[in-house]
Amino acid sequence: MPRSRQPRPQATLASIAAELKISRTTVSNAYNRPDQLSAELREQILEVAKRRGYAGPDPMARSLRTRRAGAVGVLLTEALSYSFRDPAAMSFLSGLSESCEAAGEGLLLIPAGPDRDEEEAAQVVHGAAVDGFVVYSVPSDDPYLAAVLERNLPLVVCDQPRGIASAPLVGIDDRGAMRGLAEHLIGLGHHRIGVLCMRLGRDRRDGVVDTARFESDRFHVQHERILGVQEALRTAGIDPASLTVVERYAHTAEDGASGAAQALAADPAITALMCTTDVLALGALAWARSAGLEVPGQLSITGFDGIGEALREGVTTVRQPQEEKGRRTGALLMAAPSHSGVATVETLPTELLIGQTTGVHDETSIYAE
């Protein structure tokens, strides 16, 4: 019976070094610090490694030795698929990836959906091999956030939560931007305004919101945008209590459509509907058209974010610099020497874009008071 061939021992950094009669450090430098070797020597090392089936130093061993993972953890407030579907989130991640790429860092996305529990959050976050964290628009009571803080790694927040000690924050003036949008509508004669917003709590709710719920600041961004509308109404001498606020747990155009229908059913006197995102506004616009309402003749609709589709549809909106948010967040994280950095706040500018979905309030509207 022919003797079976013994498998060749797996090549290692040490075996490559022994074959070439050079140090293990020299072999390692061929992969990690090529500038330390002559082109001829590096080519010789890589050729032998290729012949022996050696792919290079073990990245796990390298990370243990250098105490660096080469990746940034991005804590998201939604399911992972949201990052590849939501236009604003995609723009933010695009900008963030630019900063990380320039620093030689990768990205590890950590979805922190509202349905996750504390134990699961701790396991996921504590097991993430990262050098620091970016917290992107996460509510203050999210269990993933608590787990991130326990890691005591460099941390930068974008949008929310506010007030984390020693964590730099990049954001916009959400209240001021929404106030300016509301002032535009009031200037057009709209006194009966509704707001359609993203979720205000981690629990699943869809419907008209009472005062206690939208005054909670756990979801800081939505809270501030509603307060901006209230401030504009109050300044104009309009009772803020007249404001109808409808919440949607999910963030889709379909939810914008159903939310708009619910807002107008709750208060048929509404002549302007302010959506806290463009995605919701696009859904509201589709609903209005399907219901036979003229926009802006019978109903004015506004959005927020300045995404491409909303601009193409002519939605009156606030454009915020999502990509620049990502770039600045990444740059601050790359510059952070430790978790004990200075809790600076960078407020980026926004721009009010007057489109074709807002107009002068027509007293003959079927929604006129």
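Please refer to the structure higher up on the page.
Keep in mind it's a predicted model, so treat the numbers as computed, not measured. (Residues numbered from 1 in each chain as written. Predicted model: local features only at pLDDT ≥ 70, side-chain atom pairs only at ≥ 80, totals over all residues. Heavy atoms only, no water.)

### Comments concerning the packing of helix H1 (residues 13-20) against helix H3 (residues 39-52)
- Between H1 and H3, the shortest axis-to-axis distance is 10 Å and the interhelical angle comes to 120°. Accordingly, the angle class assigned to the pair H1 and H3 is oblique. Here H1 and H3 pass one another in a crossing that is right-handed. Of H3, the residues touching H1 (which contributes Ser-15, Ile-16, Glu-19 and Leu-20) are Gln-44, Ile-45, Val-48, Ala-49, Arg-51 and Arg-52.
- Partitioned by chemical class, the residues of the contact of H1 with H3 number five nonpolar, two polar and three charged. (Axes fitted to C-alpha atoms, helices over the stretch in contact; angles between N-to-C directions. Helix = DSSP H or I, 4+ residues; strand = E, 2+ residues; numbered from the N terminus. Parallel < 35°, antiparallel > 145°, perpendicular 65-115°, else oblique. Left-handed = near helix turned anticlockwise from the far one by under 90°. Contact = heavy atoms within 4.5 Å. Nonpolar A, V, L, I, M, F, W, Y, C, P; charged D, E, K, R; others polar.)

### Some words on the nonpolar core
- Counting 64 residues, the largest nonpolar core has Ile-193, Val-229 and Met-274 as the members making the most contacts within it.
- The element that contributes the greatest number of residues to this core is helix H12 (residues 278-290), accounting for eight residues.
- Setting aside residues up to four positions removed in sequence, Met-274 forms contacts with Met-178, Leu-181, Ala-182, Leu-185, Ile-193, Gly-194, Val-195, Leu-196, Val-229 and Thr-302.
- Listed in part, the 20 residues of the second largest apolar core include Ile-110, Ala-112, Leu-153 and Val-157. (Core = buried A, V, L, I, M, F, W, Y, C linked by side-chain atoms within 4.5 Å. Buried < 20%, exposed > 50% of the residue type's maximum accessible area, 1.4 Å probe, protein only.)

### Concerning the sheet that holds strand E9 (residues 272-275)
- The five strands lie next to each other as E7-E8-E6-E9-E10, forming an open sheet whose pairing is mixed. In this open sheet, the two strands that pair with only one neighbour each are strand E7 (207-208) and strand E10 (300-302).
- Here strand E6 (residues 193-198) runs beside strand E8 (residues 244-248); their pairing, made up of five bridges, is parallel. Of the residues in E8, the one forming a bridge with Cys-197 is Glu-247.
- Running over the sheet, helix H10 (residues 220-235) touches E6, E8 and E9 and is turned about 170° from E6.
- Here H12 sits on the sheet in contact with E6, E9 and E10, set at roughly 160° to E10. (Pairing = 2+ DSSP bridges.)

### Thoughts on the pattern of salt bridges
- One pass over the structure, following the stated rule, counts 18 salt bridges.
- Linking Arg-218 and Asp-141 is a salt bridge whose minimum nitrogen-to-oxygen distance equals 3.5 Å. A residue pair is termed long-range when its members are at least 10 positions apart, and Arg-218 in the loop between helix H9 (211-215) and H10 and Asp-141 in the loop between strand E3 (132-136) and helix H7 (143-151) qualify at 77 residues.
- Its relative accessible area of 33% is what places Asp-141 among the partly exposed residues.
- The partner of Asp-203 in a salt bridge is Arg-213, with the nearest N and O atoms 3.1 Å apart. Placement of Asp-203 in the loop between E6 and E7 and of Arg-213 in helix H9 is noted, with a sequence separation of 10 residues between them. (Salt bridge = Lys/Arg side-chain N within 4 Å of Asp/Glu carboxyl O.)

### Some remarks on the sheet that holds strand E12 (residues 345-348)
- The six strands are arranged E2-E1-E3-E4-E5-E12 in an open sheet whose pairing can be described as parallel. Edge strands, defined here as strands with exactly one partner in the open sheet, are strand E2 (106-111) and E12. Within the sheet, the average angular offset between the axes of one strand and its neighbour, ignoring direction, is 20°.
- Relative to E12, strand E5 (residues 169-172) is paired through four bridges, and the arrangement is parallel. When the bridges of E12 are listed, Ile-172 appears paired with Leu-348.

### What to know about the packing of aromatic side chains
- Inspection of every chain in the model, using the stated rule, returns one aromatic pair.
- When the centroid spacing of 4.1 Å and the interplanar angle of 5° are considered together, the rings of Phe-92 and Tyr-136 count as stacked. On the criterion of sequence distance, the pair formed by Phe-92 in helix H5 (residues 87-102) and Tyr-136 in strand E3 is long-range, its members being 44 residues apart. Pair check on accessibility: Phe-92 and Tyr-136 agree, each one buried. (Phe/Tyr/Trp six-rings, centres within 6.5 Å; stacked < 30°, edge-to-face > 60°.)

### A short note on the pairing of strand E4 (residues 155-158)
- Neither face of E4 is left uncovered, since the one carrying Leu-155 and Val-157 and the one carrying Val-156 and Cys-158 both have all their residues buried.
- Examined bridge by bridge, E3 and E4 share four bridges and lie parallel to one another. Note on E4: the bridge partner recorded for Phe-133 is Leu-155.
- Of the crossover connections in this fold, the one passing from E3 over H7 to the parallel E4 is right-handed.
- Bridge analysis of E4 against E5 gives two bridges, and the strand direction is parallel. Paired with Cys-158 across the bridge in E5 is Val-170. (Right-handed = clockwise from strand over helix to strand, strands pointing away.)

### Things to note about the side chain of Thr-329
- Within the secondary structure layout, Thr-329 lies in helix H14 (residues 322-335).
- Take Thr-329: its relative accessible area is 0%, and that puts it in the buried class.
- With residues up to four places along the chain from it excluded, the contact list for Thr-329 reads Phe-92, Val-134, Val-156, Cys-158 and Val-170.

### A look at helix H8 (residues 174-187)
- For H8, which comprises 14 residues, the first-to-last C-alpha distance of 20 Å matches the rise-based estimate of 20 Å (1.5 Å per residue) to within 8%.
- Restricting attention to buried positions, one finds in H8 the residues Asp-174, Gly-176, Ala-177, Met-178, Leu-181, Ala-182, His-184, Leu-185 and Ile-186.
- With its phi angle positive at about 100°, Gly-189 sits one or two positions after the end of H8. (Expected span 1.5 Å × (residues − 1).)

### Regarding H12
- Between the first and last C-alpha of H12 there are 18 Å, a value that for 13 residues agrees with the 18 Å anticipated at 1.5 Å per step.
- Residues Asp-278, Val-279, Leu-280, Ala-281, Leu-282, Gly-283, Ala-284, Leu-285, Trp-287 and Ala-288 constitute the buried set of H12.
- Among the residues trailing H12, Gly-292 stands out with phi positive, at a value near 80°.

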